[in-house]
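These are the residues of each chain, in order.
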Amino acid sequence: QVQLVESGGGLMQAGGSLRLSCAVSGRPFSSSAMGWFRQAPGNEREFVAVINWSGGTTYYADSVKGRFTISRDNAKNTVILQMNSLKPEDTAVYYCAAGKRPYFNTGGDYGMDYWGKGTLVTVSS
C-alpha cells in the first residue's frame, strides 16, 4: 500500500519561510515523479511544483516560481518543498503526490497517481 505523509505545515507571517516534507512508502521512490499541490478554502486543488525521478528536472506554477523550491532525497524516500517569501495567498492545505512513472506531465494531474492527506499552511499578513 502506497503511503505519502506530509509534515512541516503551520502558521507563518508573510515574508517568512516554511519547509514541507513528504515521506513515501510502499513503492519504489526513485522511479516516481513527485509533486506538490495545494487547495485553499473554497478553491479547487491547484498545481504547485513537480520533480522527475532524479531531481534533474522541475516545473513550477507561475505563482510560486522564484519563491518555492522542490527537491528530493532518493536515499531517504523524501520530497521537500522549501517555501520562501510566503504570502497570505499561499494559505492552503498542501498535498504531496507521487506518480507511477519517473517523468511528470505538464498539465492535468501532472502524472500523479497517489496522494497524501495534506498539511495546512497558514500565512498571516
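Above this text you will find the structure in question.
Now for a description of the structure that goes with this document. (Residues numbered from 1 in each chain as written. Predicted model: local features only at pLDDT ≥ 70, side-chain atom pairs only at ≥ 80, totals over all residues. Heavy atoms only, no water.)

**Side note on the pattern of salt bridges**
Piece 1. Under the defined criterion, the tally for this structure stands at 5 salt bridges.
Piece 2. For D90, the salt bridge identified is with R38, shortest N-O distance 2.9 Å. Taken together, the residues span a long stretch of sequence, with D90 in the loop between β8 (78-83) and β9 (92-98) and R38 in strand β4 (residues 34-39) at a distance of 52 residues.
Piece 3. Given the relative accessible area of 4%, R38 is considered buried.
Piece 4. The residue K65 makes a salt bridge to D62 at a minimum N-O spacing of 3.1 Å.
Piece 5. What makes D62 exposed here is its relative accessible area of 66%.
Piece 6. When salt bridges with common partners are traced through the structure, they connect R38, E46, R67 and D90 into a single cluster. (Salt bridge = Lys/Arg side-chain N within 4 Å of Asp/Glu carboxyl O. Helix = DSSP H or I, 4+ residues; strand = E, 2+ residues; numbered from the N terminus. Buried < 20%, exposed > 50% of the residue type's maximum accessible area, 1.4 Å probe, protein only.)

**Here's the deal with the side chain of N52**
Piece 1. Along the chain, N52 falls in the loop between β5 (46-51) and β6 (58-60).
Piece 2. A polar contact is formed between the side chain of N52 and the backbone nitrogen of G55, at a distance of 3.0 Å.
Piece 3. A distance of 3.0 Å separates the side chain of N52 from the backbone nitrogen of G56, its partner in a polar contact.
Piece 4. Excluding residues that lie within four positions of it along the chain, N52 makes contacts with A33, T57, R72, P102, Y103 and F104. (Polar contact = N/O pair within 3.5 Å; in protein donor to acceptor, adjacent residues only side chain to side chain. Contact = heavy atoms within 4.5 Å.)

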